[in-house]
Amino acid sequence: MKKNIVRGLFFRSFFLQALWNFERLQNIGFLYIIYPVIAGLYKDKEKRKQALLRHIGFFNTNPYMASVIIAMVVTAEQNIAEGKPVSVKPEAIKSMMAGPVAAIGDSFFWGTWRPFVSFVAIFLSVLLINIFDINYLWIVPVWFIVLYNIVHLAFRYWALSVSFSLNEKMIELIAKLEISFIGDVFRSIGLFIIVAALFFYVYSFGFGPTTLISFINYDIPEAIIFGLILLITFLFGNTKPVILFYCALIFSFIFAYLGL
Amino acid sequence: MIINYMALSFLAAVFSSDITMFGQFMISRPIFCGPFFGFLLGDIHTGLWLGMIVEMVWINAIPLGCAVPVDLTFMTILSVIWSTVLFRGSQEIAVFALALAVPFAYIYKEVDFAGRLFNTKVMHWVEHGIKNGKEKRISKGLFFGLLFFILRTALMYFLFLLLGSIIIKKVFATDIPIYIVLALKKAWYYLPVFGFGMVLNNFKNIKIPFIKR
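Attention in this report is confined to the structure presented alongside it. (Residues numbered from 1 in each chain as written. Chains lettered and ligands numbered in written order. Predicted model: local features only at pLDDT ≥ 70, side-chain atom pairs only at ≥ 80, totals over all residues. Heavy atoms only, no water.)

## What to know about the overall build of chain A
For the record, the criterion: Helix and strand assignments follow DSSP, with helices taken as H or I runs no shorter than four residues and strands as E runs no shorter than two, numbered in order from the N terminus. With C-alpha atoms as the basis for the radius of gyration, the globule rule is written as 2.2 Å multiplied by the number of residues raised to the power 0.38. Residue burial is assigned from relative accessible area. The probe radius is 1.4 Å, only protein chains are included, and a residue is buried under 20% of its type maximum, exposed over 50%, and partly exposed in between. Any two residues whose heavy atoms approach within 4.5 Å are treated as being in contact. None of His or the chain ends enter the tally, which takes Lys and Arg as positive and Asp and Glu as negative. By convention, the point assigned to a charge is CZ for Arg, NZ for Lys, CD for Glu and CG for Asp.
A count of helices and strands for chain A gives ten helices and two strands. Counting from the amino terminus, chain A carries its helices and strands in the arrangement α-α-α-α-α-α-α-α-β-β-α-α. Scaling as 2.2 N^0.38, a compact globule of 260 residues should have a C-alpha radius of gyration of about 18 Å, whereas chain A reaches 25 Å, well beyond that. With respect to the principal axes defined by its C-alpha atoms, chain A has extents near 90 × 35 × 35 Å. When each of the 260 residues of chain A is scored for burial, the buried share is 50%. Sequence-distant contacts in chain A: of pairs separated by 6 or more residues, those separated by 24 or more amount to 66%. Positive and negative charge centroids in chain A, built from 20 and 14 side chains respectively, lie 13 Å apart.

## Focus on the overall build of chain B
Counting secondary structure elements, chain B contains seven helices and zero strands. Going residue by residue from the N terminus, the α and β elements of chain B occur as α-α-α-α-α-α-α. Considering only C-alpha atoms, chain B reaches an extent of 70 × 60 × 25 Å along its principal axes. Within chain B, buried positions represent 61% of all 213 residues. Contacts in chain B between residues at least 24 apart in sequence constitute 75% of all its contacts with a sequence separation of at least 6.

## Considerations on the side chain of E92 of chain B
You can see E92 of chain B is positioned in helix α5 (residues 91–131). Residues contacting E92 of chain B, with those up to four places away along its chain left out, are F172, V181, L184 and K185 of chain B.

## Some points on the interface of chain A and chain B
We count it as follows: Each of two parts loses accessible area, computed with a 1.4 Å probe, when they are put together; buried area is these two losses added. Whenever a carboxyl oxygen of Asp or Glu lies within 4 Å of a side-chain nitrogen of Lys or Arg, that contact is scored as a salt bridge. Under the rule applied, a polar contact is a pair of N or O atoms within 3.5 Å (in protein, one hydrogen donor and one hydrogen acceptor; residues adjacent in sequence only if both atoms are side-chain atoms).
In this assembly, 85 residues from chain A lie in contact with 82 residues from chain B. Here chain A and chain B share an interface that buries about 7,700 Å² over both sides, 77% of which is from carbon and sulfur atoms. Applying the counting rule to chain A against chain B returns three salt bridges. Measuring nitrogen to oxygen at the nearest pair gives 2.9 Å for the salt bridge that ties R48 of chain A to E135 of chain B. Connecting chain A to chain B are 19 residue pairs in polar contact (both at pLDDT 80 or more). Among the elements of the structure, α2 (27–41), α3 (45–54), α5 (90–130), α6 (139–166), α8 (179–205), α9 (223–236) and α10 (241–257) of chain A are those that each provide at least two residues to the side of chain A that touches chain B.

## Things to note about the packing of aromatic side chains
Stated precisely, the cut-off is as follows: The aromatic pairing rule takes the rings of Phe, Tyr and Trp, using the six-membered ring of Trp, and pairs them if the centres are within 6.5 Å, calling planes under 30 degrees apart stacked, those over 60 edge-to-face and the rest tilted. In this scheme, Lys NZ or Arg CZ marks a charge over a ring once it lies within 6 Å of the ring centre and within 35 degrees of the ring normal.
According to the stated counting rule, one finds 58 aromatic pairs over all chains in the structure shown. Ring geometry for F74 of chain B and Y108 of chain B: centres 4.4 Å apart, planes at 5 degrees, overall stacked. With F74 of chain B in helix α4 (residues 72–85) and Y108 of chain B in helix α5, this residue pair connects regions lying 34 residues apart in the sequence. Residue class for Y108 of chain B comes out buried when judged on its relative accessible area of 1%. Aromatic rings pair up to connect Y64, F108, F109, W110, W113, F116, F144, Y148, F155, W158 and F186 of chain A into one cluster. Positioned above the aromatic ring of Y32 of chain A, the side-chain terminus of R12 of chain A is 4.2 Å from the ring centre.

## Quick word on a nonpolar patch on the surface
This is how the line gets drawn: To count toward a patch, a residue needs a relative accessible area over 30% and no salt bridge; like charges are then connected within 9 Å, while nonpolar side chains (Val, Leu, Ile, Met, Phe, Trp, Tyr) are connected within 5 Å. In short, Shrake-Rupley with a 1.4 Å probe defines the accessible areas, and a residue's cover is counted only from the protein chains shown.
The grouping of I250, I254, Y257 and L258 of chain A together with I178 and Y179 of chain B at the surface amounts to a nonpolar patch, some 680 Å² of accessible area in total. In terms of residue count, the dominant contributor to the nonpolar patch is α10 of chain A (three residues). Along the chain, I178 of chain B turns up in helix α7 (residues 178–202).

## What about the packing of helix α2 (residues 30–40) of chain B against helix α3 (residues 44–57) of chain B?
Residue and element names in this part refer to chain B. Rules: To get an axis, fit a line to the C-alpha atoms, keeping to the stretch in contact for a helix; angles then go from 0 to 180 degrees between the N-to-C directions. Oblique is the label for every angle not falling under 35 degrees (roughly parallel), over 145 degrees (roughly antiparallel), or within 65 to 115 degrees (roughly perpendicular). Two helices that cross are described as forming a left-handed crossing if the nearer one is turned anticlockwise from the farther one by less than a right angle, and a right-handed crossing if clockwise. Three classes are used, and their members are as follows: Ala, Val, Leu, Ile, Met, Phe, Trp, Tyr, Cys and Pro are nonpolar, Asp, Glu, Lys and Arg are charged, and the others, Gly among them, are polar.
Look at α2 against α3: their axes get within 7 Å of each other, and the N-to-C directions meet at 160 degrees. Between α2 and α3, the angle falls in the class roughly antiparallel. Relative to α3, the crossing made by α2 is right-handed. Packed against α2, whose contacting residues are P30, I31, G34, P35, G38 and F39, the element α3 presents I44, G47, L48, G51, M52, V54 and E55 at the interface. Counted by class, the contact of α2 with α3 contains eight nonpolar, four polar and one charged residues.

## Observations regarding unusual backbone geometry
Backbone geometry at L25 of chain A places phi at a positive 50 degrees, although glycine is not the residue there. The topology assignment puts L25 of chain A in the loop between α1 (3–12) and α2. Even without being glycine, Q24 of chain B reaches a positive phi, approximately 55 degrees. Within the fold, Q24 of chain B resides in the loop between α1 (2–17) and α2.

## So, the side chain of S118 of chain A
Mapped onto the elements of the fold, S118 of chain A is located in helix α5. By relative accessible area, S118 of chain A is classed as buried at 0%. Only 3.2 Å separates the side chain of S118 of chain A from the side chain of E55 of chain B, close enough to count as a polar contact. Apart from the residues lying within four places of it in its own chain, the contact partners of S118 of chain A are F144 of chain A together with I31 and E55 of chain B.

## Some details on the environment of W20 of chain A
Along the polypeptide, W20 of chain A turns up in the loop between α1 and α2. By relative accessible area, which is 2% here, W20 of chain A ends up buried. Through-space distance from the C-alpha of W20 of chain A to that of F186 of chain A is 31 Å; in sequence the pair is 166 residues apart. In contact with W20 of chain A, not counting residues within four places along its chain, are L25 and Q26 of chain A together with G65, C66, R116 and N119 of chain B.

This is how it looks when you write it as structure tokens:
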């Protein structure tokens, strides 16, 4: 596949969900991405119409993983236009592939990589606010966006270009990537990072002469309250975040009212 | 102020479009948009702090399939703008602003839902066009969807910015009991801890590689 076509598909793939709708989700977005290729392949108006209508149906997948499906569908359309036999119809590729690749994308990018990069950014925030210099706080958002997108954009482009050459074998390659194992590794590192961030936070705001609170004639460090909040959140963490958020605020009001 | 709010609303709507409409570069995540708007308005510290709280508390809120989660970008940007424009550097107002932005984000979610329902009509218009040989409707419909999203979101940002500003000014212009101010100041330090708790709660079922359980 020519590089300029791959590049064009790559840039258009950012618009996959621009007309997201409840009936067929990403269908128009997908059509928009592949439209230049379809227009190039089918010069006959009627054939082009048939090709476009093939892709008007329901489509939904992880937007990052869509690259794999885009490449496979474009290859199939190319074969149809050239009169070559196709083992699986393009619309069938979409319906068969959307779910499995979305599961991988959702689990790795949404469930692992984004939280991991966020945890590192939170760790940096706590360090800069409490221990280093708040003049360098701009590093946190820059770090977050650069690190996240290096992997995100590289993956999207790589998946698109490699899927053209590998086609159906791309599935085997993704399976061999051990994404589940990589996810576990990043989640474990993320856990250590967030615990370290919590440690620095409690160390900075939970102890010291200004953080002592009076409790039945005793001065106790604020870290005790922090521990209590953590315990309560850990026990009731499966409740809706919005409910817990307001509970935490009410908790602060009760402590303030009691003069703690 | 009105002009500033209009410009900020438009920029905020562009950031919100990153959630589903365009790119998913994660500029919509609170840990990025919070400090970014804080930086624009001259208080990156408050922006980062509020962004950090929202990011941790709603760590799992991501659009999956048909689910429309609460717009974290909306809640973060509103609270950052209020707390940096109205009373810069005040911790109690920043916490109050966040508490006020949360229900507004839930109201906005309903508006977003209605907008997505409208997209279905646009999609049928595109489909009808293709059947009649009007292929340009694909890009027209798509960019209309994107523009419509940005305009309606900018309008919502603008209206809620104005409404929230009035509420916050009214509340803090009166003599509020000292324990309320104290409670909000305490919450400034308690909410991140609560956020850490929410994140750790997610790790309850984590599988550590190389360690058999």
